[in-house]
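# Coordinates in review
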Amino acid sequence: MLSKRNRLIIAASFFVIWVGILYAGADHPPPVGFIWVMLLCLIATVLVYFRAPIYASWSATHCRFRLLRVLLDGTAVGLVFAFITIVFNNGGEPTIQPTGIDTVIWFVVLVFVGAANALLIYFVTSMFTRFAKNGR
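Reading the values: the criteria
- Residues numbered from 1 in each chain as written.
- Predicted model: local features only at pLDDT ≥ 70, side-chain atom pairs only at ≥ 80, totals over all residues.
- Heavy atoms only, no water.
- Core = buried A, V, L, I, M, F, W, Y, C linked by side-chain atoms within 4.5 Å.
- Buried < 20%, exposed > 50% of the residue type's maximum accessible area, 1.4 Å probe, protein only.
- Helix = DSSP H or I, 4+ residues; strand = E, 2+ residues; numbered from the N terminus.
- Contact = heavy atoms within 4.5 Å.
- Salt bridge = Lys/Arg side-chain N within 4 Å of Asp/Glu carboxyl O.
- Phe/Tyr/Trp six-rings, centres within 6.5 Å; stacked < 30°, edge-to-face > 60°.
- Lys NZ or Arg CZ within 6 Å of the ring centre and 35° of its normal.
- Patch = residues over 30% accessible without salt bridge, like charges linked within 9 Å, V, L, I, M, F, W, Y side chains within 5 Å.
- Areas by Shrake-Rupley, 256 points an atom, 1.4 Å probe, with all protein chains shown as cover.

### Quick notes on the nonpolar core
Residues V48, Y55, V70 and I121 are the most contacted members of the largest nonpolar core, which totals 20 residues. Residue assignment for this core shows that the elements contributing at least two residues are α1 (4-25), α2 (34-61), α3 (66-87) and α4 (100-133). Ranked by residue count, the leading element in this core is α2, at 8 residues. In this view, I121 contacts I10, F14, V48 and Y55; residues no more than four positions away in its chain are not counted.

See the structure below:
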């Protein structure tokens, strides 16, 4: 369905785009802790690499509730990443103490970003699958 080459293209594109977005939002030069953000991005890239063929399969077979399942995947990853960043945020700005509402907002944002990323990866893998099926 989805070749290793196409999986690598999708995952590498994901990594490059997200590192670019994260670098653009970082201080310049990025703080030492930015390496941990890059590590999370790399972990997400590995997840994309292994999840893409599943999404391609769901698309090709018109699996029931596939979009809901994709959204749940993204939501779960967003929750895990939000939790990881909250728990391991000991290198942040020491004068800033997030409130409870700040933490809730952070979780909501990462859930939406995770779900949007999962949907985007699903649609990209679907396009790759359709193009491969049509011989392009």
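### So, the pattern of salt bridges
Scanning the model with the defined rule gives 1 salt bridge in all. Across the salt bridge formed by R51 and D73, the nearest N and O atoms sit 2.8 Å from each other. Note that R51 is positioned in helix α2 and D73 in helix α3, a separation of 22 residues in sequence. Owing to a relative accessible area of 27%, R51 belongs among the partly exposed residues under this scheme.

### As for unusual backbone geometry
Following H28, the chain continues into P29 via a peptide bond in cis, with omega recorded as -5 degrees. Mapped onto the fold, P29 is located in the loop between α1 and α2. Positive phi, normally seen in glycine, also occurs at F65, with a value near 60 degrees. Within the fold, F65 resides in the loop between α2 and α3.

### Describing the packing of aromatic side chains
Under the counting rule described, the total for this entry stands at 5 aromatic pairs. Ring centres 6.1 Å apart and planes at 70 degrees place the aromatic pair Y55 and Y122 in the edge-to-face group. Here the residue Y55 occupies a position in helix α2, and Y122 occupies one in helix α4, the gap between them amounting to 67 residues. By relative accessible area, which is 3% here, Y55 ends up buried. Over the ring of Y49 we find R7, and its NZ or CZ is 4.1 Å from the ring centre.

### Quick notes on a nonpolar patch on the surface
Nonpolar side chains collect at one region of the surface, where I35, W36, L39, L42, I43, V46, L47, F50 and V77 lie side by side and expose about 850 Å² of accessible area between them. Ranked by residues supplied to the nonpolar patch, first place goes to α2 with 8 residues. For L47, the location among the structural elements is in helix α2. Taking the relative accessible area as the measure of exposure, L47 reaches 40% and is therefore partly exposed.

### Some words on the environment of A115
As for its placement among the helices and strands, A115 is situated in helix α4. Between the C-alpha atom of A115 and that of G33, which follows or precedes it by 82 residues, the distance is 25 Å. Apart from residues lying up to four places away in sequence, A115 is in contact with L71, G74 and T75.

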